[in-house]
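Geometric and topological summary
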Amino acid sequence: ALLSFIFEKKKKKKKQVVEAACGQCQFKMKDKKGCDLAVRIDGKSYFVEGTKIDEHGDAHADDGFCNAVKKAEVIGEVKDGKFVVSYFKLLPNSTKK
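Residues numbered from 1 in each chain as written. Predicted model: local features only at pLDDT ≥ 70, side-chain atom pairs only at ≥ 80, totals over all residues. Heavy atoms only, no water.

**Describing the packing of aromatic side chains**
Which entries qualify depends on this criterion: Geometry of aromatic contacts follows a simple scheme: Phe, Tyr and Trp rings, the Trp one being its six-membered ring, pair when their centres are within 6.5 Å, and the pair is stacked under 30 degrees between planes, edge-to-face over 60, tilted otherwise. We count a charge as sitting over a ring when the NZ of a lysine or the CZ of an arginine lies within 6 Å of the ring centre and within 35 degrees of the ring normal.
This model, assessed by the stated rule, comprises zero aromatic pairs. Directly above the aromatic system of F47 lies the positively charged group of K32, at a separation of 4.9 Å from the ring centroid. Its guanidinium or amino end placed over the ring of F65, K70 lies 5.4 Å from that ring's centre, counting from NZ or CZ.

Put into structure tokens, the structure is as follows:
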């Protein structure tokens, strides 16, 4: 019974606050061409799967992901070098240029 409790607890993912921005423009990632949403967790950057950069406003606006790093509340996990997200919410007034 204890083992199944540990397994269930491990499966439940919790919300965490991360930095979010364009991987190429702000985090200097070179794995892909163009502009793609990425998050930085514990100093390491990951491209995001499960939501796209353009689903969160104009990436090239003054306060968009290509010009600013923002804070986001996320639920997801790192899988095969990418952050696979099941929940992504930008936090208000979290932009830093």
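Moving on, there is more to tell.
**Let's talk about the nonpolar core**
Condition: In plain words, nonpolar cores are sets of buried Ala, Val, Leu, Ile, Met, Phe, Trp, Tyr and Cys residues tied together by side-chain atoms within 4.5 Å. Exposure categories follow from relative accessible area, calculated using a 1.4 Å probe and restricted to protein chains: below 20% of the type maximum is buried, above 50% is exposed, and the middle band is partly exposed. Numbering of helices and strands runs from the N terminus, with a helix taken as a DSSP run of H or I at least four residues long and a strand as a DSSP run of E at least two residues long. The contact rule is simple, with two residues in contact once any of their heavy atoms fall within 4.5 Å.
Counting 17 residues, the largest nonpolar core has V39 and F88 as its most contacted members. Of all the secondary structure elements, the ones that give two or more residues to this core are β1 (16-22), β2 (37-41), β3 (44-49), β4 (70-79) and β5 (82-90). Here F88 is in contact with A20, L37, V39, T51, H56, F65, A72, E73 and V74, once residues within four sequence places are set aside. Core analysis: the second largest hydrophobic core is formed by six residues, F27, M29, F47 and V69 among them.

**Considerations on the sheet that holds β2**
The strands making up a sheet associate through hydrogen bonds between their backbones, and the pairing can be parallel or antiparallel. Just so we agree on the cut-off: Pairing between two strands is assigned when DSSP locates at least 2 bridges connecting them. All axes here are fitted lines through C-alpha atoms, helices being fitted over the stretch that makes contact, and every angle between N-to-C directions spans 0 to 180 degrees.
The five strands lie next to each other as β1-β2-β3-β5-β4, forming a closed barrel whose pairing is mixed. Within the sheet, the average angular offset between the axes of one strand and its neighbour, ignoring direction, is 55°. Where β1 and β4 come together, five bridges link them in antiparallel fashion. Bridge pairing in β4 places A20 opposite K70.

Read these as layout, nothing more, since geometry by itself doesn't imply function.
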